[in-house]
Amino acid sequence: MYIGIKGLTKLDTLPALLESGLTSFSFDLRPRSLNFTQSQNIIEILSHLVAETIETNLIFENEKDFVVNNVLDSIGRASGVIPGLEFTGSSALSELDKLEKAFKWHYTEDEKLSSIESCKNLETIVFSQSLLSTYAERGELHGFFQLFADLDKDMKYELLLSWDGEIIESVFDFIDVSGVSVEIQPMVELSYQNVDLQKVTSYINYLKKVINQ
């Protein structure tokens, strides 16, 4: 099971994060995000990663397909690493599927299960801890995951955790979780886009114990 972080913006934080055991990094290209970073910065960071052992993704939200393709191609050519794709927002799965590239997708209740089932290039579904906590409070968590019981057996699932939330360990009994991740937020920053590595690595060590890594 991998542990990942979303919103990495600075190269100087990379060594400590790699040493802590992180093997998945997502770079945020959503213009309104506090973690937004420019392509040139992503290229610099990618040049210091071993592509065979580290998963990398570019996060987009409600972006045009030609923009996604152009950014992906330019970063790939400049860095020698072709990142994966990760999507948040309200873009229909049918539209994302037209990119004809494997992708991660942050689950939204607005999308029908039939659309998920028919999506050929959807590789990983990301569930946020806040959403799952809502279902757990209603006593509906098991029923929610039953909806996904008949999906392709190769489908992967990732949990996007909250830094200060209690991990719902029963989730690991309901679905085969491939990885867990956290997103850089102000509560783990010393200042804007300046990560508090002590807090982050401490949390990563805690996660390792929870998932028995």
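Residues numbered from 1 in each chain as written. Predicted model: local features only at pLDDT ≥ 70, side-chain atom pairs only at ≥ 80, totals over all residues. Heavy atoms only, no water.

Caption draft 1: Looking closely at the overall build of the protein. Across its full length, the protein carries nine helices and ten strands. Over its C-alpha atoms the protein spans a radius of gyration of 17 Å, differing by no more than 12% from the 17 Å that the globule rule assigns to 213 residues. By principal-axis analysis of the C-alpha atoms, the protein measures approximately 45 × 40 × 30 Å. Put simply, the protein has 213 residues, and 48% of those count as buried. Excluding contacts between residues fewer than 6 apart, the proportion of contacts in the protein whose partners are at least 24 apart in sequence is 59%. By element, 46% of the accessible surface of the protein is carried by carbon and sulfur atoms, the whole surface being about 11100 Å². The protein carries 17 positive and 33 negative side-chain charges, and their two centres are separated by 3 Å. (Helix = DSSP H or I, 4+ residues; strand = E, 2+ residues; numbered from the N terminus. Rg over C-alpha atoms; globule rule 2.2 N^0.38 Å. Buried < 20%, exposed > 50% of the residue type's maximum accessible area, 1.4 Å probe, protein only. Contact = heavy atoms within 4.5 Å. Areas by Shrake-Rupley, 256 points an atom, 1.4 Å probe, with all protein chains shown as cover. Lys, Arg positive; Asp, Glu negative; His and termini not counted. Charge placed at Lys NZ, Arg CZ, Asp CG, Glu CD.)

Caption draft 2: Spatial organisation of the nonpolar core. Counting 64 residues, the largest nonpolar core has Phe 25, Ile 125 and Phe 127 as the members making the most contacts within it. Sort the elements by how many residues they give to this core and helix α9 (residues 197-210) lands first, with five residues. (Core = buried A, V, L, I, M, F, W, Y, C linked by side-chain atoms within 4.5 Å.)

Caption draft 3: The sheet that holds strand β8 (residues 177-183), seen in detail. Here eight strands make up a closed barrel; going around it, the order is β1-β2-β3-β4-β5-β6-β7-β8 and the pairing parallel. On average, each strand axis in the sheet is tilted by 25 degrees relative to the strand beside it, whichever way the strands run. As judged from the five bridges shared by strand β6 (residues 122-128) and strand β7 (residues 156-161), these two strands associate in the parallel manner. Across the sheet, Ile 125 pairs through a bridge with Tyr 157, a residue of β7. Where helix α6 (residues 129-138) meets the sheet, its contacts fall on β6 and β7, and the angle it forms with β6 comes to roughly 65 degrees. (Pairing = 2+ DSSP bridges. Axes fitted to C-alpha atoms, helices over the stretch in contact; angles between N-to-C directions.)

Caption draft 4: View of the pairing of strand β4 (residues 84-88). Taking burial as the measure, the five residues of β4 include four buried ones, the bulk of the element. Where β4 lies against strand β5 (residues 103-106), three bridges are found, and the strand directions are parallel. Looking at the pairing, Phe 87 lines up with Trp 105 of β5.

Caption draft 5: Representation of the packing of aromatic side chains. Summed over all chains, the structure comprises 17 aromatic pairs. For the ring pair Tyr 203 and Tyr 206, a centre distance of 5.6 Å and an interplane angle of 55 degrees mean the geometry is tilted. Separated by three residues within a single helix, Tyr 203 and Tyr 206 lie in helix α9, roughly one turn from each other. Of the aromatic side chains, those joined through ring pairs into one cluster are Trp 105, Tyr 107, Phe 127, Tyr 135, Phe 144, Phe 145, Phe 148, Tyr 157 and Phe 174. Sitting over the ring of Tyr 135, Arg 138 keeps its end group 5.6 Å from the ring centre. (Phe/Tyr/Trp six-rings, centres within 6.5 Å; stacked < 30°, edge-to-face > 60°. Lys NZ or Arg CZ within 6 Å of the ring centre and 35° of its normal.)

Caption draft 6: Summary view of helix α3 (residues 65-79). The terminal C-alpha atoms of α3, which comprises 15 residues, lie 21 Å apart, in line with the 21 Å expected from a rise of 1.5 Å per residue. Within the sequence span of α3, burial applies to Val 68, Val 71, Leu 72, Ile 75, Gly 76 and Ser 79. An end-on view of α3 places all buried positions within 125 degrees of arc, on one side of the element. In α3, the exposed residues that point more than 90 degrees away from the buried face are Phe 66, Arg 77 and Ala 78. Structurally, α3 contributes buried residues whose contacts are with α2 (39-46), β3 (55-61) and β4. Directly after α3, the chain includes Gly 80, whose backbone phi takes a positive value near 80 degrees. (Expected span 1.5 Å × (residues − 1). Arc of directions from axis to C-beta.)

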